[in-house]
Amino acid sequence: MLKIENLSAEIDGKQILNGLTLEVAKGEVHAIMGPNGAGKSTLAYVLGGRPGYEVTGGSVSFDGKDLLDMEPHERAAAGLFLGFQYPVEIPGVSNVQFLREALNSQRKQRGDEPLTGGEFLKLAKEKAGLLKLDMDMLKRNVNVGFSGGEKKRAEMVQMGILDPSFAVLDETDSGLDIDALRVVGEGINAIMRSPDKAALLITHYQRLLEVVKPDRVSILAQGRIVKTGGAELAEQLENEGYDAVMEAA
Amino acid sequence: MNEQVDIQDREAREAAAKAAEYEHGWSSDIETEFAEKGLTEDTVRFISAKKNEPQWMLDWRLKAFRLWQDMEEPDWAKLGYPEIDYQNAYYYAAPKKKAELESLDELDPEIKRVYDKLGIPLGEQEVLAGVKGARKVAVDAVFDSVSVATSFREELKRAGVIFLSISEAIREYPELVKKWLGKVVPQKDNFFATLNCAVFSDGTFVYIPEGVRCPMELSTYFRINAENTGQFERTLIVAEKGSYVSYLEGCTAPMRDENQLHAAVVELVAMEDAEIKYSTVQNWYPGDENGKGGIYNFVTKRALCQGARSKVSWTQVETGSAVTWKYPSCVLNGEDSVGEFYSVAVTNNYQQADTGTKMIHNGKGSRSTIISKGISAGKSNNTYRGLVRVAANADGVRNRTECDSLLIGDACGAHTVPYIEVKNPGAQIEHEATTSKISDDQLFYSMQRGLDEEEAMALIVNGFAKDVLKELPMEFAVEAQKLLAISLEGSVG
């Protein structure tokens, strides 16, 4: 579904990704772990198409299409969702308005009819219920005055409503207490666990992976994938630390 | 759905009423004759004669003209423009340089694109663009029969509301006009207002009798021969005791005008317990992306909140004009009277806006609210200039001012110039100001969710301006949102 080959990228002339190769198949939940500064967030931003992240080599194909050739909103319409480590505040714009416009913009790009206000609210209610987020929160402005945990849960509601085929979740577990972590993890399972979807979970810690069991785990270090294994690799990392595992690799 | 239909009905009624007025109004004779360039007493006499004005009106104009000759153009605003040669301008119905369009196909594609984007129906587009015979088309397209127009006029008449062009009002209701004209904005108020007194071309007169709630929003939206009346417009609205009126001025469609100089005057009077809501969307031609051309818009708008508990709300969305000089104000004489000013001003490319308000608190317990949202992009400059004044014997006055500036790009300017003069120690005055930039984070976040760059920008800007936009009547609000987005086209990326 997603095929990254020999990808290199830089920010402000500084090379961050360095020949990264990774393939994620349909139905797969793939965890990316790695030390600080390894390039995890850069990978997420490059996949999302963030301006300023310059691809200097390699290719990314998504459902057979050249992902790097698409604008960020085209990638979204093609089914790519990026869960932000630091969700952004948009004052004066309610979550309902934001998501309805975003969803309808995606639908327009795909040649579908826009959802009416009523249809959208029904959908939003259903997804919010799934993540134990009350509708009042959706009426509030996008991430404005949200706690860290609320922001992450709101990201998951966005994901539920936009219903992507591929999610890149960048440290979605950071800043969550145990209860919120469970809610978010179960949300990921409910939304993304499907034979025709896939997800890339970028995380520092094992704890999210206890709720969302990854099919495979890769270690990202110095801008490339240095080791890939099964779920047990995450446990090994947690017990032995990056240095030991990478030395062994 | 019902809401939609209601609005259409209302618009239709308004259009019908205006159309009916035009049929016997001034529009037919205006097209053929005009005053030569330049401004002398003869020009003033010519204008007055063209309008069959009574002697007192001519005298009033001439007095203003003499005052004006000794006045100087103000230069305190943060605006820069070439010196205006007042003798090299038209003051009455400048001759049309272009022939009427045969069809919309002849319309400048750029303007056509904006019309489409705003969602203006074809019939109205023809009227706006000045297509031959279009007024009839538009009217026919909107109504089935003249009876709609008649019933609308009758509805207003039954309520006792007077809604006329000011020229007609001068002829038909001279006592009413004489009583209030120049009472809110005195003849010698300022250079531009005085000029307007001498040469005003036309405008609107509204009178709401005691205890009457005007049964519909009064709109100049359909007064589309604005090419002729827009230059020196004069509006007078009087709301008697306990009455209410909501008045909409302007149009979201881009308005071109051969006349570069505009100087309008709007006077509002609210008596005891009366309320006037005055909403403006201004989208005169702003000039091109290199700052060439564009309207100079020098407007004096002021409301007299004369009676106790009277209330006036100014709401404006200013996106057009190369130069905007405009301070809709409230003189709060009545006890517990209320003044409100809600403003969104957008400047892009080389546009300059110096706009704000004056809240003059003379009445005890008077209150005012000011919310100003300035959006600057390109190489433009956007200034909020506002005065809050509290008289010594005005006890219990409250004011809250919020000035927010949003910058797009790094070549534009936002400025806030608040003046606060408080002579009563009990007054509560709050002033908040913020300046922010549209962040790359916000744009990318929105785009990652599916919005293209333009949509993302529109969403963020409309969120910023929401507190003001929500004060607009519904039919204006939707178009105003689209307008903000269009005005900022090309300002990112």
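Criteria and cut-off values
Residues numbered from 1 in each chain as written. Chains lettered and ligands numbered in written order. Predicted model: local features only at pLDDT ≥ 70, side-chain atom pairs only at ≥ 80, totals over all residues. Core = buried A, V, L, I, M, F, W, Y, C linked by C-beta atoms within 7 Å. Buried ≥ 20, exposed ≤ 12 C-beta atoms within 10 Å, placed from the backbone. Helix = DSSP H or I, 4+ residues; strand = E, 2+ residues; numbered from the N terminus. Contact = placed C-beta atoms within 7 Å. Pairing = 2+ DSSP bridges. Nonpolar A, V, L, I, M, F, W, Y, C, P; charged D, E, K, R; others polar. Arc of directions from axis to C-beta.

**Student:** Mind showing me how you'd approach the nonpolar core here?
**Tutor:** Within the largest apolar cluster, 184 residues are counted, with the highest numbers of intra-cluster contacts made by L201(A), A239(B), L268(B), A270(B), I276(B), A303(B) and V461(B). By residue number, the principal contributor to this core is helix α14 (residues 453–469) of chain B, which donates ten residues. For L268(B), the residues in contact, after removing those within four places along its chain, are V184(B), I237(B), I276(B), Y278(B), A303(B), L304(B) and V312(B). Judged by nonpolar contacts, the second largest core, of five residues, contains V390(B), A391(B), V397(B) and A427(B).

**Student:** Please clarify how the pairing of strand β11 (residues 323–326) of chain B should be interpreted in this entry.
**Tutor:** The side chains of a regular strand alternate between both faces of the sheet. Residue and element names in this part refer to chain B. Neither face of β11 is exposed, since V323 and W325 on one face and T324 and K326 on the opposite face are all buried. The pairing of strand β9 (residues 296–305) with β11 spans four bridges and is parallel. Each bridged residue has a counterpart across the sheet, and for Y296 the counterpart in β11 is V323. As defined by bridge partners, β11 adjoins strand β14 (residues 352–361) across four bridges and the pair is classed as parallel. Along β14, the bridge assignment pairs W325 with D354.

**Student:** So what exactly am I meant to see when it comes to the interface of chain A and chain B here?
**Tutor:** Listed as interface residues are 22 residues of chain A and, on the opposing side, 17 residues of chain B. If one sorts the elements of the side of chain A that touches chain B by residue count, helix α3 (residues 95–110) of chain A sits on top with six residues. When its residues are assigned to classes, the side of chain A that touches chain B shows 14 nonpolar, six polar and two charged.

**Student:** I would appreciate a short explanation of helix α9 (residues 232–240) of chain A in the present structure.
**Tutor:** An α-helical turn contains 3.6 residues, so any two residues separated by three or four positions project in the same direction. Residue and element names in this part refer to chain A. Of all the residues in α9, the buried ones are L233, A234 and L237. Seen along its axis, α9 keeps its buried residues to an arc of 105 degrees; they face one direction. The outward face of α9, more than 90 degrees from its buried face, is lined by the exposed residues E232 and N239. Positive backbone phi, at 90 degrees, marks G241, one or two positions downstream of α9.

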